[in-house]
Amino acid sequence: MTVSADQVAAPGAVPVTAQGARVVGRLAAGFAARARFSAVVLVDGHAGAVVAAAGESPAVMAFTVDGERITRIEVIAEPEALARMRLTVSDLSAQPSG
């Protein structure tokens, strides 16, 4: 499992990459504690989410999925990068179960 965040999304305004499920879990928990909004979306046709902390611009989390596992999360908040993305709200009710 790998997570990367661009300089806008990362703490300290420095791009960061972290590996390992435990480290990624800690980073995700810290961000989730600050998040006040989230929505499941498709990011350029792939699984993702839009998240935002109170008073901050939103960020997109783009997931790389291998089988049934998320293997990479890219957190993108740079306005230019966000403008190039195609975000679609996913209709989860249309997904087959099981």
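What you see is a predicted model, and the numbers here were worked out from it, not measured in a lab.

Visitor: Would you mind going over the overall build of the chain with me for this structure?
Guide: Of regular secondary structure, the chain possesses two helices and seven strands. Scanning the chain from its N terminus toward the C terminus, one meets helices and strands in the order β-β-α-β-β-β-β-α-β. Relative to the 2.2 N^0.38 estimate, which gives 13 Å for 98 residues, the radius of gyration of the chain is 13 Å and therefore close to what a compact globule would have. Taken along the three principal axes of its C-alpha coordinates, the chain extends 40 × 30 × 25 Å. By the burial criterion, 30% of the 98 residues in the chain qualify as buried.

Visitor: It is not clear to me how the pattern of salt bridges should be interpreted in this structure. Could you clarify?
Guide: Two side chains with opposite charge may pair up if their charged atoms get near one another. Applying the stated criterion across every chain yields a total of one salt bridge. With its nearest N and O atoms 4.0 Å apart, the salt bridge here joins R72 to E74. Given the relative accessible area of 27%, R72 is considered partly exposed. For E74, a relative accessible area of 32% gives the class partly exposed.

Visitor: Would you mind showing me how to read the sheet that holds strand β4 (residues 46-53) here?
Guide: Note: strands within a sheet are paired through backbone hydrogen bonds, in either parallel or antiparallel orientation. Spatial strand order, β2-β1-β6-β5-β4-β3-β7: seven strands in an open sheet with mixed pairing. The open sheet has two edge strands, β2 (16-19) and β7 (87-89), and neither has a second partner. Taking the axes of each pair of neighbouring strands and ignoring which way they run, one obtains an average angle of 30° across the sheet. Alignment of strand β3 (residues 35-43) against β7, held across three bridges, turns out to be antiparallel.

Visitor: Explanation requested: the side chain of S4 in the structure shown.
Guide: Topologically, S4 is positioned in strand β1 (residues 2-5). The residues touching S4, leaving out its near neighbours within four places in the chain, are V16, T17, R72, I73, E74 and V75.

Visitor: What is the right way to read the confidence of the model for the chain from this model?
Guide: A low pLDDT score tells you not to read the predicted coordinates there in detail. Here the chain averages 86 in pLDDT, and 91% of its residues register 70 or above. Put simply, helix α1 (residues 21-34) is where the chain has its lowest mean pLDDT, 80, and helix α2 (residues 79-84) is where it has its highest, 96.

Visitor: Can you help me understand the pairing of strand β5 (residues 59-66) in this one?
Guide: Every regular strand shows the same layout, with side chains that alternate between the two sheet faces. As defined by bridge partners, β4 adjoins β5 across four bridges and the pair is classed as antiparallel. Residue V51 lies in a different strand from β5, and its bridge partner there is A59. Connecting β4 to the antiparallel partner β5 that follows it, the hairpin turn spans five residues, and G55 within it adopts a positive phi of roughly 75°. Here β5 runs beside strand β6 (residues 69-76); their pairing, made up of seven bridges, is antiparallel. Across the sheet, D66 pairs through a bridge with R69, a residue of β6. What sits between the antiparallel neighbours β5 and β6 is a turn of two residues, in which G67 has the positive phi angle 70°.

Analysis parameters
- Starting from 1, residues in each chain are numbered consecutively following that chain's sequence as written.
- In view of the model being predicted, local features appear only for residues whose pLDDT reaches at least 70, and side-chain atom pairs are presented and counted only at 80 or more, with totals across whole chains, interfaces and linings using the full set of residues.
- Only hydrogens and water are removed before side-chain values are computed, so all heavy atoms of the structure are retained for them.
- Comment: elements are numbered from the N terminus, with helices defined as DSSP H or I runs of at least four residues and strands as E runs of at least two.
- Between the two quantities, the radius of gyration covers C-alpha atoms and the globule rule is 2.2 Å times the number of residues to the power 0.38.
- Classification of residues uses two cut-offs on accessible area relative to the type maximum, computed with a 1.4 Å probe and protein chains only: under 20% is buried, over 50% is exposed, and between them is partly exposed.
- When a carboxyl oxygen of Asp or Glu is within 4 Å of a side-chain nitrogen of Lys or Arg, the pair counts as a salt bridge.
- Note on pairing: two strands pair once DSSP finds at least 2 bridges between them.
- Angular values range over 0 to 180 degrees, each being the angle between N-to-C directions of two axes fitted as lines to C-alpha atoms, with helices fitted over their stretch in contact.
- Throughout, a residue-residue contact means that at least one pair of heavy atoms, one from each residue, lies within 4.5 Å.
- On a range of 0 to 100, pLDDT expresses the predictor's confidence in each residue.

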